[in-house]
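Examination of the molecular architecture
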Amino acid sequence: MTTYQFPQGFWWGSAASGLQTEGTIPGDGKGKNIWDHWYEIAPEKFFNGVGPEKTSQLYTKYKEDVQLMKETGHNSFRTSIQWSRLFPEGTGEINQQAVDFYNEYINELIANGIEPFINLYHFDMPMPLQEKGGWLDRGTVEAYVHYAKTCFQLFGDRVKHWFTHNEPIVPVEMGYLYQQHYPAEINLEHAVQVGFHEALSNALAVKAYREMGLDGEIGIILNLTPSYPRDENDPKDVKASVIADAFFNRSFLDPAVKGEFPKELIEICKELEILPDYQEEDLKTIKANTVDVLGVNYYQPRRVKAKETPIDHSNGPLPEDYFDYYDWPEKRINPYRGWEIYEKGIYDILINLRDNYGNIRCYISENGMGVEDEQRFLNAEGMIEDDYRIEFVTEHLKYVHQAIQEGANCLGYHMWTCMDNWSWLNAYKNRYGFISVDLAEDGKRTIKKSGHWFKTVSEANGFTVE
Ligand code: BG6
């Protein structure tokens, strides 16, 4: 038997986002964001035609949900404020109902011993700002900073862990390269500008937070996908992996933690003449305002090899002009999401942060496994027996534990997610939660086997396995 004991005060919990959980009810004052708009104009894109207004109804069920968090051993929980709920127009007039809701929700968490971690931007651009260009437009950066400051003022007395963005590379790649988020363009020049504005907005929000003298910490949440070369002894494969890493990981990791952009990326942008518009002052702001803490979302690695296929320029340049994806024959796949399961990746990330990023305070802010049709695993008592999820978390936690033993500064583990929730184009296809949500029964919640198991882990601050 081996026992994996975690450091005292380890954060055990889960993550979600406002848009994916809250739902919209008539008269709640929420404005439209890009998901509401996209669903209106192209509902067929969403799995089974389920749109973002449905979600898990947390807006009305949050008290019940907080009790379920308690019952599943949460000592901390992350969600995001919906920008379009607080500011229906993105800026300007504030929605008092949103202020009341977030106050009550945050208070409820705290009253139940659950530390709220609050993120500001989780893919939910208010539509009036998107109409002016969204992250392409510098005006959005200003509106975001105003939104951020307002949140700090309203909730900063109680919220001690703030995050500026969740996975800022996702709006870049999915909105401007791979067409999975609105406005679904394929345009590397726009992608670069969007990424720059997001990085700048992060630094400006960090600056604003520090200037307000609040007694918490502020960070950013990044989805880090370690880039493994096909052959680590082949310099061409290695170069391909370095470039993929610069595009998808270091593009935000380096400015957020070190205050500068990767030189490989700058060189490529110069060569392609797609450097973003910026002011000299911006680079100083980014340099001077790095984060206190880093959230690491880890789902899958990225495997690459030197470019072998012809470059297709029909949509202009793309990151894939510099590498090809490598199909590792030994990979294990989660067939529902199509993502590789590679537990050691979580260890490699933490060791990289230890060695190359000043061992910054960090935690695993998302990790998880989306599975379709979990009703197959219902037992006689009506509980989903998701042993695969318990195994998935256990195997990742073993590597987190090893990294901590070797000096990584990892402070917690949050699962994606608490309740099954709505996911972007996939809607309710894949379920990730510790707690199931029955859409046919008005969102009835039932704790899954993994939720009961997680409570034992949280209470023991670790686990024992054979
Ligand atoms: C992360 C996001 O990328 O992964 C979540 O922060 C998302 O918002 C989660 O839901 C799981 O991915 P997906 O696409 O299967 O929902």
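You'll find the structure just up there.
Residues numbered from 1 in each chain as written. Predicted model: local features only at pLDDT ≥ 70, side-chain atom pairs only at ≥ 80, totals over all residues. Heavy atoms only, no water.

**Observations concerning the overall build of the protein chain**
Helices and strands together make up the secondary structure of the protein chain, namely 15 helices and 19 strands. The C-alpha radius of gyration of the protein chain comes to 21 Å, within 12% of the 23 Å expected for a compact globule of 466 residues. Contacts spanning at least 24 positions in sequence make up 77% of the contacts within the protein chain whose residues lie at least 6 apart. Just so you have it, the protein chain exposes about 18,400 Å², and 49% of that area is on carbon and sulfur atoms. Counting 45 positive and 72 negative side-chain charges, the protein chain places the averaged centre of each group 2 Å from the other. (Helix = DSSP H or I, 4+ residues; strand = E, 2+ residues; numbered from the N terminus. Rg over C-alpha atoms; globule rule 2.2 N^0.38 Å. Contact = heavy atoms within 4.5 Å. Areas by Shrake-Rupley, 256 points an atom, 1.4 Å probe, with all protein chains shown as cover. Lys, Arg positive; Asp, Glu negative; His and termini not counted. Charge placed at Lys NZ, Arg CZ, Asp CG, Glu CD.)

**A few points about the pairing of strand β6 (residues 217-223)**
Across the seven residues of β6, seven count as buried, placing the element largely inside the fold. Neither face of β6 is open: one carries E217, G219, I221 and N223, the other I218, I220 and L222, and all of them are buried. As paired elements, strand β5 (residues 161-166) and β6 share four bridges and run parallel to each other. Of the residues in β6, the one forming a bridge with N166 is I221. Pairing of β6 with strand β8 (residues 293-297), which is carried by five bridges, proceeds in the parallel orientation. Within β8, the residue paired with I221 across the bridge is G295. (Buried < 20%, exposed > 50% of the residue type's maximum accessible area, 1.4 Å probe, protein only. Pairing = 2+ DSSP bridges.)

**Some details on the packing of helix α10 (residues 235-258) against helix α11 (residues 263-272)**
In the contact formed by α10 and α11, the axes pass within 9 Å of each other and the chain directions differ by 100°. By the angle between their axes, α10 is roughly perpendicular relative to α11. For the pair α10 and α11, the contacting residues are V242, I243, A246, F247, R250 and S251 in the first and E264, L265 and I268 in the second. (Axes fitted to C-alpha atoms, helices over the stretch in contact; angles between N-to-C directions. Parallel < 35°, antiparallel > 145°, perpendicular 65-115°, else oblique.)

**Here's the deal with the sheet that holds strand β15 (residues 410-416)**
In spatial order, the strands read β2-β3-β4-β5-β6-β8-β13-β15; together these eight strands close into a barrel with parallel pairing. Along the sheet, successive strands turn relative to each other by an average axial angle of 25°, direction set aside.

**Let's talk about the sheet that holds strand β9 (residues 302-305)**
Strand order in this open sheet of three strands is β7-β9-β10, and the pairing throughout is mixed. Two strands bound the open sheet, and with one partner strand each, they are β7 (227-229) and β10 (324-325). Bridge count between β9 and β10: two bridges; the pairing is antiparallel. Its bridge partner being in β10, K305 is matched across the sheet by D324.

**Focus on the site of the ligand**
Neighbouring residues of the ligand: Q20, H122, N166, E167, Y299, R337, W339, E366, W416, S423, W424 and Y432. Note that an oxygen atom of the ligand is positioned 2.6 Å from one of the side-chain N or O atoms of E167. E366 places a side-chain nitrogen or oxygen 2.8 Å from an oxygen atom of the ligand. The fraction of the free accessible surface of the ligand (380 Å²) that becomes covered by protein chains is 92%. (Near = heavy atom within 4 Å. Polar contact = N/O pair within 3.5 Å; in protein donor to acceptor, adjacent residues only side chain to side chain.)

Purely geometric numbers; function is a separate question.
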